[in-house]
Amino acid sequence: MVRVLIVEDQMIMQKYFEYLILQEPEFKLVETVADAREAVKICSYSAIDLVLMDVQTFHNHDGLTAGKTIREEHPATKVIIITSLIDPKILERAKTGCADSLWYKDHGEAELRDVIHRTLDGEHVFPDTTPDVEMNWITSGEISPRQLEMLRLYICGMSYSEIAKKMDCSTSGVRWNFQEMIAKAGYSCKEDLIAAALESKLIVTTLK
């Protein structure tokens, strides 16, 4: 019997994952919770074989941090990160010890079932890249990782000069990269670019 814990703060997704688990005869749903920090506590006193973990849970608590803790404290427990956040940092962190596998919520039920069973069999199942989103005239894949990091640092409160120092380039170089992103995407100003990155979940800064 595979004992499963679901960690998801949206009611409709909770019901979807519960339905999925209850269709598997060898699975037992132990509990469904909305807070990643609560999941860590449950794993400390209840034997859990599989955790389906959202990234952005109740109070914006970080499912990746919780996943890392669970995997370190309970090595036999498998953690699958399930998310709609396409920020490349999410996938990067998941691959570096925060999860056994990752699945994007819009990728279909059959794929999720496949990821679950492969993970339980000992595989680590991760996409090669994050999904692209439309940003006016372009998709997010047309923004270079370096430009995306500049945008992330700016959204996090750094000035052009601070970004330049951190990324070992000139302030004018940072300014040029922002101008190129704005022009390539067809936005009229930097604020429109920032709004698009946040609304599309290409950059996430709210996890705690």
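Above this text is the structure in question.
Let me sum up the structure you'll find in this document. (Residues numbered from 1 in each chain as written. Predicted model: local features only at pLDDT ≥ 70, side-chain atom pairs only at ≥ 80, totals over all residues. Heavy atoms only, no water.)

Let us look at the packing of helix 6 (residues 145–155) against helix 9 (residues 190–199). Running from N to C, helix 6 and helix 9 point in directions that differ by 95°, and their axes come no closer than 11 Å. Looking at the two axes, helix 6 sits roughly perpendicular to helix 9. Along its contact with helix 6, which presents Leu151, Tyr154 and Ile155, the element helix 9 presents Lys190, Leu193, Ile194, Ala197 and Leu198. Its residues placed into classes, the contact of helix 6 with helix 9 shows 7 nonpolar, no polar and 1 charged. (Axes fitted to C-alpha atoms, helices over the stretch in contact; angles between N-to-C directions. Helix = DSSP H or I, 4+ residues; strand = E, 2+ residues; numbered from the N terminus. Parallel < 35°, antiparallel > 145°, perpendicular 65-115°, else oblique. Contact = heavy atoms within 4.5 Å. Nonpolar A, V, L, I, M, F, W, Y, C, P; charged D, E, K, R; others polar.)

Positive phi, normally seen in glycine, also occurs at His59, with a value near 60°. Counting through the fold element by element, His59 comes out in the loop between strand 3 (50–54) and helix 3 (63–73). Of note, Asn136 is a non-glycine position whose phi angle comes to about 65°, a positive value. Relative to the assigned elements, Asn136 resides in the loop between strand 6 (134–135) and strand 7 (138–139).

Taken as a whole and assessed by the stated rule, the structure comprises 0 disulfides. Left unpaired, Cys43 is separated from the closest cysteine sulfur, that of Cys98, by 15 Å. A relative accessible area of 4% places Cys43 in the buried class. (Disulfide = S-S within 2.5 Å. Buried < 20%, exposed > 50% of the residue type's maximum accessible area, 1.4 Å probe, protein only.)

This paragraph deals with helix 9. Along helix 9, the residues classified as buried are Lys190, Leu193, Ile194, Ala196 and Ala197. The arc enclosing the buried residues of helix 9, seen along the axis, measures out at 160°, which places them on a common side. Opposite its buried face, helix 9 presents the exposed residues Glu191 and Glu199, each directed more than 90 degrees away. Buried residues belonging to helix 9 abut strand 6, helix 6, helix 7 (160–166) and helix 8 (171–185). Within two residues after helix 9, Lys201 carries a phi angle of roughly 65°, on the positive side. (Arc of directions from axis to C-beta.)

So, about helix 4 (residues 88–98). Every buried residue belonging to helix 4 is among Ile90, Leu91, Ala94 and Cys98, and all of these are buried. One side of helix 4 holds all its buried residues, which, seen down the axis, span an arc of 120°.

On to the packing of helix 3 against helix 4, then. Each packed pair of helices is defined by two parameters, the angle between the axes and the distance between the axes. Axis separation between helix 3 and helix 4 bottoms out at 9 Å; the angle between their running directions is 10°. The orientation of helix 3 with respect to helix 4, classified from their angle, is roughly parallel. For the pair helix 3 and helix 4, contact is made by Leu64, Thr65, Gly67, Lys68 and Arg71 and by Ile90, Arg93, Ala94, Thr96, Gly97 and Cys98, respectively. Considered class by class, the residues forming the contact of helix 3 with helix 4 number 4 nonpolar, 4 polar and 3 charged.

Moving on, we get to the sheet that holds strand 3. If you walk across this open sheet you meet the 5 strands as 2-1-3-4-5, and the pairing is parallel. Bordering the open sheet on either side are strand 2 (27–33) and strand 5 (101–104), each of which pairs with just one other strand. Going across the sheet, the axis of each strand differs from the next one's by a mean of 20°, ignoring polarity. Pairing of strand 1 (residues 2–7) with strand 3 involves 4 bridges; the strand directions are parallel. (Pairing = 2+ DSSP bridges.)

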